[in-house]
Amino acid sequence: MRGINKVFLIGNLGKDPEIQVLEGNITVAKFPLATTETHKDRIGKVVSQTDWHIVVLWRGLAELAQKYLHKGSLVYIEGKIKTRSWEDKEGNKKYTTEIVGDNLVMLDKNPDKGHGNDHLDLLDGGE
């Protein structure tokens, strides 16, 4: 059986997207995304658990993130988990795990543009 690497997240941006333009005019956006789950404990008290994810968007999705997303924006991200490694200045191997998004849905209500509950569903085919 082949493996599956698919992630679905709904959460809020922890800060504005950081944008880089790479060689070949390729845009990449990176931002932290908070997802919060709530449940009741044994005595009925509501408990929240927040997890933080680093999201990376490429090309057209990165450009849209730069234009429309900001700290606090509510988004749906679909993508895959990627772990990469590098060596720091002292030669120590470092790792990071990121969510590489290939689908972005903006879930914020946008009263400034009169769209009410409308959302924008955008697909980008590559990294």
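Okay, so let's go over this structure. (Residues numbered from 1 in each chain as written. Predicted model: local features only at pLDDT ≥ 70, side-chain atom pairs only at ≥ 80, totals over all residues. Heavy atoms only, no water.)

## What about the pairing of strand β2 (residues 18–22)?
Working note: regular strand, side chains alternate between the two faces of the sheet. Alignment of β2 against strand β3 (residues 26–40), held across 5 bridges, turns out to be antiparallel. From the neighbouring strand, Gln20 faces β3, where its bridge partner is Val28. Counting the residues that bridge the hairpin from β2 to β3 gives 3 residues, and of these Gly24 lies at a positive phi of roughly 85 degrees. (Pairing = 2+ DSSP bridges. Helix = DSSP H or I, 4+ residues; strand = E, 2+ residues; numbered from the N terminus.)

## Quick word on the pattern of salt bridges
Any two side chains of opposite charge can pair, so long as their charged atoms come close to each other. Taken as a whole and judged by the stated rule, the model has 6 salt bridges. Salt-bridge contacts for Glu18 lead to Lys15; the nearest nitrogen and oxygen are separated by 2.6 Å. By relative accessible area, which is 37% here, Lys15 ends up partly exposed. Here Glu98 ties to Lys30 by a salt bridge, and the two come within 3.3 Å at their closest N and O atoms. In this pair, Glu98 sits in strand β6 (residues 93–106) while Lys30 sits in strand β3, placing the two residues 68 residues apart along the sequence. For Glu98, a relative accessible area of 5% puts it in the buried group. Classification of Lys30 by relative accessible area gives partly exposed; the value is 31%. What you see here is one network of salt bridges that share partners, running through Lys6, Glu78 and Asp102. (Salt bridge = Lys/Arg side-chain N within 4 Å of Asp/Glu carboxyl O. Buried < 20%, exposed > 50% of the residue type's maximum accessible area, 1.4 Å probe, protein only.)

## Describing unusual backbone geometry
For Asn25, which is not glycine, the phi dihedral falls at a positive 60 degrees. Take Asn25: it is sitting in the loop between β2 and β3. Among the residues examined, Asn25 registers a relative accessible area of 63% and is labelled exposed. In the Ramachandran plot, Arg59 falls in the positive-phi region, its phi being about 55 degrees despite a non-glycine side chain.

## Regarding the pairing of strand β5 (residues 74–87)
With 6 bridges joining them, strand β1 (residues 7–13) and β5 adopt antiparallel strand pairing. The residue bridging Asn12 from the neighbouring strand is Leu74, located in β5. Strand direction decides the pairing type here: β5 and β6, joined by 13 bridges, are antiparallel. What sits directly across from Ile77, in β6, is Leu104. Counted along the chain from β5 to the antiparallel partner β6, the turn is 5 residues long, and its residue Gly91 has a positive phi close to 85 degrees.

## Focus on helix α1 (residues 59–68)
If you check which residues of α1 are buried, you get Leu61, Ala62 and Ala65. Mapping the buried residues of α1 onto a view down its axis gives an arc of 100 degrees, with all of them on the same face. (Arc of directions from axis to C-beta.)

## Here's the deal with the nonpolar core
Here is a general trend for soluble globular proteins: nonpolar side chains tend to be buried in one another's company. In this structure, Phe31, Leu33, Leu57, Leu69 and Ile77 are the most contacted members of the largest nonpolar core, which totals 17 residues. Among the elements of the structure, β1, β3, β4 (46–58), α1, β5 and β6 are those that each provide at least two residues to this core. Residues in contact with Leu69, not counting those within four places in the same chain, are Leu13, Pro17, Phe31, Leu64, Val75, Leu104 and Met106. (Core = buried A, V, L, I, M, F, W, Y, C linked by side-chain atoms within 4.5 Å. Contact = heavy atoms within 4.5 Å.)

## With respect to the side chain of Glu78
Here Glu78 is to be found in strand β5. Among the residues examined, Glu78 registers a relative accessible area of 15% and is labelled buried. Polar side-chain contacts of Glu78 include one of 2.7 Å to the side chain of Tyr76. When neighbours within four sequence positions are excluded, Glu78 is seen to be in contact with Lys6, Val7, Phe8, Val100, Gly101, Asp102 and Asn103. (Polar contact = N/O pair within 3.5 Å; in protein donor to acceptor, adjacent residues only side chain to side chain.)

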